[in-house]
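Structural description and commentary
Now for the letters of each chain:
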Amino acid sequence: MNSIRQLIGVALVIIGALFLVVAYLVGWTSSNIVLLIPLIIIIIGVIMHVKLAKSGEKY
């Protein structure tokens with residue numbers, strides 16, 4: 001179950017990055033909101049992945 005949560009964090013990072021690529025290819029880069037939404041998704045994904053990776057480690 002914990003590995004599924006880590007995969008969700010990585011999936012959010014990938015989805016955010018793909019959204020940025022699509023926005024660039026389509027030409028939606030003139031609007032800041034279109035660029036901020038994927039950035040927020042990427043940041044949430046990184047935070048989720050790091051928190052779950054640290055909580056799963058045994059020192």
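Higher on the page you've got the structure.
The paragraphs below set out a description of the structure included in this document. (Residues numbered from 1 in each chain as written. Predicted model: local features only at pLDDT ≥ 70, side-chain atom pairs only at ≥ 80, totals over all residues. Heavy atoms only, no water.)

**A short note on the overall build of the chain**
- Within the chain one finds two helices and zero strands.
- For the chain, the residues scored as buried account for 14% of the 59 residues in total.
- Across the chain, every contact between residues at least 6 apart in sequence was considered, and the portion connecting residues at least 24 apart equals 69%.
- Accessible surface for the chain amounts to roughly 4,600 Å². Of this, 75% is attributable to carbon and sulfur atoms. (Helix = DSSP H or I, 4+ residues; strand = E, 2+ residues; numbered from the N terminus. Buried < 20%, exposed > 50% of the residue type's maximum accessible area, 1.4 Å probe, protein only. Contact = heavy atoms within 4.5 Å. Areas by Shrake-Rupley, 256 points an atom, 1.4 Å probe, with all protein chains shown as cover.)

**Some points on the environment of Leu-7**
- With respect to the helices and strands, Leu-7 occurs in helix α1 (residues 2–26).
- Given a relative accessible area of 58%, Leu-7 falls into the exposed group.
- A sequence separation of 42 residues divides Leu-7 from His-49, and the C-alpha atoms of the two residues are 7.6 Å apart.

**Comments concerning a nonpolar patch on the surface**
- Nonpolar side chains collect at one region of the surface, where Ile-33, Leu-36, Ile-37, Leu-39, Ile-40, Ile-43, Ile-44 and Ile-47 lie side by side and expose about 700 Å² of accessible area between them.
- Here Ile-43 is to be found in helix α2 (residues 32–56).
- Overall, Ile-43 belongs to the partly exposed group, its relative accessible area being 44%. (Patch = residues over 30% accessible without salt bridge, like charges linked within 9 Å, V, L, I, M, F, W, Y side chains within 5 Å. Salt bridge = Lys/Arg side-chain N within 4 Å of Asp/Glu carboxyl O.)

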